[in-house]
Amino acid sequence: MENSAFLSRILEWVLYQLLANSCYKAARKLRNLAIHFFKSSQPPHNKPSSSSQNAPPPFSYLPRCHHLDNLRSKTLVCDINGTIIIPSHDHSHYWHSFFPYFMLVAFEAGSIVRAFMLLISYPLLLTLQSFHQDEMIIKAMVFITFCGLKVSEVETVQRTVLPKFYMENMSKEVYELMESVGGKMVITSVPRVMVEGFLREYLGAGLVVGTEIRVLGPWFTGLVGPGGVVVKHVAVKEVLDAGGGDYGEMGANVIGVGSLGFHDTLLLSLCKEAYLVPKPRASSRLPRDRYPKPLVFHDGRLAFLPTPSATLAMFIWLPLGILLAMIRLAAGVLLPYKFARPISVFSGIRIVFNNPKNTPMPTHVAQDNTSLVGRAKGVLYVCSHRTLLDPVMLSVSLSKPLTAVTYSLSKMSEIIAPLRTVRLTRDRRQDAETMERMLKEGDLVVCPEGTTCREPYLLRFSSLFAELADEIVPVAVNTHVTMFYGTTAGGLKCLDPIFFLMNPRPCYYIHVLGKLPRDQTCAGGRSSFEVANLIQRKLADALGFECTGYTRKDKYMMLAGNEGLVDAGRTRNGSNARGSKC
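Rules used in this analysis
Residues numbered from 1 in each chain as written. Predicted model: local features only at pLDDT ≥ 70, side-chain atom pairs only at ≥ 80, totals over all residues. Heavy atoms only, no water. Buried < 20%, exposed > 50% of the residue type's maximum accessible area, 1.4 Å probe, protein only. Helix = DSSP H or I, 4+ residues; strand = E, 2+ residues; numbered from the N terminus. Pairing = 2+ DSSP bridges. Axes fitted to C-alpha atoms, helices over the stretch in contact; angles between N-to-C directions. Contact = heavy atoms within 4.5 Å. 1 Å grid on protein atoms, 1.4 Å probe; cavity = no way out; pocket = protein on both sides within 12 Å on 5 of 7 lines; lining within 4 Å. Points joined across faces, edges and corners; volume = space filled by probe spheres on them. Nonpolar A, V, L, I, M, F, W, Y, C, P; charged D, E, K, R; others polar. pLDDT = per-residue confidence, 0-100. Salt bridge = Lys/Arg side-chain N within 4 Å of Asp/Glu carboxyl O. Patch = residues over 30% accessible without salt bridge, like charges linked within 9 Å, V, L, I, M, F, W, Y side chains within 5 Å. Areas by Shrake-Rupley, 256 points an atom, 1.4 Å probe, with all protein chains shown as cover.

(A) Focus on helix α10 (residues 192–203). Within the sequence span of α10, burial applies to Val-193, Met-194, Val-195, Glu-196, Phe-198, Leu-199, Tyr-202 and Leu-203. The positive-phi residue at the C-terminal boundary of α10 is Gly-204, with phi of around 70 degrees.

Structure below.
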């Protein structure tokens, strides 16, 4: 009896607490509604005048700050969301403007299923917004995006995917101020793991404070850390009030930049100097030539910033895109060239082909012996490398069969390729003999960069091709996509052509520059390195690109943390090979 009475008392206490909390919350909501009703029912003469409504903001806008040359002793305090990164429109809420970057993590580090779950949660997030539950919104987005993801996968996306989108939407005015100050401190409510690497590596931030996410072993739990969601003005006050340290005694030298939002206003009130960022429509984005670091390499499949509306459009398009990719692929594999190109164009693929009159036809074997293993009779097409479909598109555009050489190709891509492919081994003499044999049998296409590059840069050219033929034809190749990239460093290579063909209107630009003059080849006395650099420069000028010294190894070390070597197994000619993903 005593035990039952004790349990009854505990049950009554729990019930009392629940009812008390519920009544308290209900009373607060009723009070807020009453206040709102009272304010809205005030007579017109009690409402604020138009002059007070149009009162100037408490801080001046950033473009009015002209003394950017005497700020080395100052420290800038700001948020990345809405300040460094320009929101999508003037009235974006804090969580709404960073939603696309959560979607990038969900899609690239997670899966398309996780991205869909984040998208369908959007109405719930809007509902929470109507109740001003900003902290709950961030917690919900963090849980859906990060729960069950490996820490290493998120760090990879943060390093290889997000910087591209951050820099494309960076405020020029804020960046100029960041370049002028001596110290940079970024306080944000978004997860620290999403922004810290970019802020430190690209912008030189000395201190980054963001919301922490709990970790269980190698996985994120999706739960916010014990400190909760970071409140910006509270975090800044804690740093400024801290004794000692680089940031503890800098109160008089702090410049704050933010928006007119509630938390930003409280943050700016703590700073000696404070400025407002321009509205999104008045702010200018940082041009590519002003980027903190050249954007040469990046990874990920999505080629657009996945705002809620853009992500919804992608999911609506996806079933049709998969079907269209299968049709385009089947047309290229099964049909002759004269039928494949019209069907491809009719299905939405745009091919811009420019071929001068002096494109050479196959010639006889040269009599000189200045090459590594002798001259061959085929034409060697030297292309810039954008996707695995480069040789296919060139062959279709020229309406003649070509042989493509590659260091590595997935079995799936090799099976469905509508032209002959030959693997190389990275043994210089053996590869030279293989390419010479292929040239004797017909025309050959080679991409001397050894891997693809998405941005307007050309990687360093291998010089081997220059030693094999006098009939060299440079071909400038470029692509344009709007939804999916057809290349990846860390994903499944066999899906690269599928993703490219899933775009609504993919575009291929192919410009055959014409035969290289004999005096610009090895037969004219030039070294193979001179020829390779000359062709790289010609292609860069034709495309409006910039030449670099980066190699395939540099790309894969930066994006995948390895040298890009895969076990290619047995090649078609029976020899063992070990090649790079290209």
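(B) Spatial organisation of the sheet that holds strand β16 (residues 507–512). In spatial order, the strands read β9-β16-β15-β10-β13-β11-β12; together these 7 strands make up an open sheet with mixed pairing. For this open sheet the edge positions go to β9 (350–354) and β12 (420–423), each flanked by a neighbour on one side alone. The average angle at which neighbouring strand axes cross in this sheet is 25 degrees, direction not considered. Both strand β11 (residues 403–406) and strand β13 (residues 444–446) contribute to a ladder of 2 bridges, which runs parallel. Its bridge partner lying in β13, Thr-403 is registered against Leu-444.

(C) The environment of Val-161, seen in detail. Following the sequence through the fold, Val-161 ends up in the loop between α7 (151–160) and α8 (162–168). Owing to a relative accessible area of 3%, Val-161 belongs among the buried residues under this scheme. As for Val-161 and Arg-301, which are separated by 140 residues in sequence, their C-alpha atoms are 9.0 Å apart. Leave out the neighbours within four places in its chain, and Val-161 touches Glu-108, Thr-156, Asp-299 and Gly-300.

(D) Fine view of empty space enclosed by the protein. All chains considered together, the criterion is met by 4 cavities of 30 Å³ or more. Within this model, the largest cavity holds a volume of roughly 590 Å³. Here the residues of the lining of the largest cavity sort into 30 nonpolar, 9 polar and 1 charged. In this structure, the second largest cavity occupies an estimated 70 Å³ of space. The wall of the second largest cavity is formed by Val-296, Phe-297, His-298, Asp-299, Thr-452, Cys-453, Arg-454, Thr-487, Thr-488, Ala-489, Lys-555 and Leu-559. Here the lining of the second largest cavity is composed, by residue class, of 5 nonpolar, 4 polar and 3 charged.

(E) View of the confidence of the model for the protein. This prediction gives the protein a mean pLDDT of 83; 79% of its residues lie at or above 70. Across residues 22–53, confidence stays below pLDDT 50; counting only partners more than four residues off in sequence or on other chains, it has 2 contacts. In the model, residues 362–376 has pLDDT below 50 throughout and makes 41 contacts with residues more than four positions away in sequence or in other chains.

(F) Spatial organisation of the pattern of salt bridges. All told, the structure shown has 22 salt bridges when counted by the stated rule. A salt bridge links Glu-176 to Arg-290; its shortest N-O distance comes to 3.7 Å. One end of the pair, Glu-176, is in helix α9 (residues 172–180); the other, Arg-290, is in the loop between β8 (273–276) and α14 (308–334), and 114 residues separate them in sequence. Owing to a relative accessible area of 28%, Arg-290 belongs among the partly exposed residues under this scheme. In this structure, Glu-436 engages Lys-440 in a salt bridge whose closest nitrogen and oxygen atoms are separated by 3.1 Å.

(G) Expanded view of a nonpolar patch on the surface. A cluster of nonpolar side chains, contributed by Ile-112, Val-113, Phe-116, Met-117 and Ile-120, occupies part of the molecular surface with about 450 Å² of accessible area. Along the chain, Ile-120 falls in helix α4 (residues 112–120).

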